[in-house]
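# Geometric and topological summary
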Amino acid sequence: MRGRHHNPSAAPAMASVAVRFGPAEYFSLMVLGLAILSYLTHGSILKSLIMACLGVALGLVGIDAITAMPRLTFDSMLLIDGVGIVPMVMGLFGIGEILLNLEQGIQRSVATGKIKGLLPTKADWKASAGPLARGSVLGFLLGILPGGGAVISSFLSYAIEKRVSKTPERFGKGAIEGVAGPEAANNAAAGGAFIPLLTLGIPPNVVMALLLGAFIIHNVEPGPLLMTQHPEVFWGVVASMYIGNAMLLVLNLPLIGMWVQVLRVPYRILFPLILLFCVVGVYSVNNAVFDLYVMIAFGLLGYLMKKFGYEPAPLVLAFVLGPMLENNLRKALIIAQGDFSTFITRPISAVCLLLAAALLFSAVLPKLRQKREQIALDETE
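## Some details on the overall build of the protein chain
Regarding its fold elements, the protein chain presents 18 helices and two strands. Relative to all contacts within the protein chain whose residues are 6 or more apart in sequence, the contacts with residues 24 or more apart total 73%. Carbon together with sulfur atoms contributes 69% to the accessible area of the protein chain, which is approximately 22100 Å² in total.

## Digging into the packing of aromatic side chains
Enumeration over the complete set of coordinates arrives at two aromatic pairs. Plain terms: the ring middles of Phe27 and Phe343 are 5.1 Å apart, the flat faces sit at 55° to each other, and that makes the pair tilted. With Phe27 in helix H2 (residues 23-40) and Phe343 in helix H16 (residues 342-345), the pair connects residues that are 316 residues apart, well separated along the chain. Across the pair, exposure class does not vary: Phe27 and Phe343 are buried alike.

## Observations regarding the nonpolar core
Val83 and Met88 are the most contacted members of the largest nonpolar core, which totals 51 residues. Examining the composition of this core, we find that ten residues originate from one element, helix H15 (residues 312-335), more than from any other. When sequence neighbours within four positions are dropped, the list of residues in contact with Val83 reads Leu58, Val61, Met88, Val294, Phe298 and Phe319. Judged by nonpolar contacts, the second largest core, of five residues, contains Cys278, Val282, Leu292 and Met295.

## As for helix H5 (residues 122-144)
Over its 23 residues, H5 runs 33 Å from end to end, which matches the ideal 33 Å to within 8%, given 1.5 Å per residue. Bending of H5 peaks at approximately 45° at the position of Ser128, with proline Pro131 no more than four residues after it. Of the residues making up H5, those classed as buried are Ser128, Pro131, Gly135, Leu138, Gly139, Leu142 and Gly143.

## Digging into the side chain of Thr73
Within the secondary structure layout, Thr73 lies in the loop between strand E2 (70-71) and helix H4 (85-104). The residues touching Thr73, leaving out its near neighbours within four places in the chain, are Gly62, Leu79 and Ile80.

Conventions adopted
Per-chain numbering applies: the sequence of each chain, read as written, is numbered from 1 onward. A pLDDT threshold of at least 70 governs which residues receive local features in this predicted model, and a stricter bar of 80 or more applies before side-chain atom pairs are shown or counted, although totals over entire chains, interfaces and linings include all residues. Think of the side-chain values as coming from all heavy atoms in the structure, minus any hydrogens and water. Numbering of helices and strands runs from the N terminus, with a helix taken as a DSSP run of H or I at least four residues long and a strand as a DSSP run of E at least two residues long. Working rule for contacts: check all heavy atoms of both residues, and any pair within 4.5 Å makes them a contact. The Shrake-Rupley method, run with a 1.4 Å probe sphere, supplies the accessible areas, and residue values consider only the shown protein chains as cover. Pairing of aromatic rings covers Phe, Tyr and the six-membered ring of Trp, with a centre-to-centre limit of 6.5 Å; geometry is then stacked below 30 degrees between planes, edge-to-face above 60, and tilted otherwise. Burial classification: accessible surface area is computed with a 1.4 Å probe over protein chains only, and a residue below 20% of its type maximum counts as buried, one above 50% as exposed, and the rest as partly exposed. For this analysis, a nonpolar core means a set of buried residues of the types Ala, Val, Leu, Ile, Met, Phe, Trp, Tyr and Cys, connected via side-chain atoms within 4.5 Å. By this rule the span expected of a helix is its residue count minus one, scaled by 1.5 Å. To get the bend at a residue, fit one axis to the 7 residues ending there and another to the 7 starting there, then take the angle between the axes.

What follows is the structure, given as structure tokens:
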């Protein structure tokens, strides 16, 4: 028998709720996550939904988990295991960005002044105490929600600090409160995003979706039983958050001068190095040349998506969630003997679907559409 461990985190409480979730609830929660992500991405919501549908379709390539029959493989054994997430991500975010930057021709300027005063003073700590506390709580709560929790929490924290400040005119001119609050919210949201991933097995954003893919590759299934079946993984992730933050301080503060010098590397040298790292990384996963072709194909797709205003984030998240989305849909229908009303008669499932529908329909309302576009504009600035 495994020994009991006292866990002060919020994960056990959510795990106890998670065991009450059935296939219908999981399906509806994933639909809500995709709807929130599509709503929060800047640009056309229709384009975001198209990318999400494409991601779900790509996630279905390979062996059917229930019937064990190949599908969407076009009789090719190379696709029998499905499309790899590593070639896809490397292509969309690596090769695609290289092609786009080569076309645009970026001009850079490196600051030459001496870098000093990196550590906050006692007055800075005193002024930042309130914003740090408020930003941490706000970021944690919003980080749990599916979608762009870190981005939204940062902007919301900035707006709150500006609203409660007695001197709001200082914001935008170097006020420490306008930096401490949003950064605390951003970091707290990153930590909070692990809760639905580790307890429900549902990634709230694209980064967590990539981590879920890594878990699956290593035969670790996040969910309510993760803490009992793989306690070393769970506590390893928790410990890594503390170690990672400490390493960030070590790497950033003393070595910031060296990182600035990296900006001096010419693009004619930097881009081939990035391409080399992408090729080595993709090939080393399965030692398959086919993965390189997949990476190149998604690189061209990513370039065209950027050119025509399509976001890659909904595609990647839907690709990871696609198989789970389909499996839970089919399991729920098998349990309900083909009755689709099971998704609206179960309270949690009905609420999730209702919220998803409200988000998608609200995008056509003028006032809410204008607010959504303003959030997207802030994100790109």
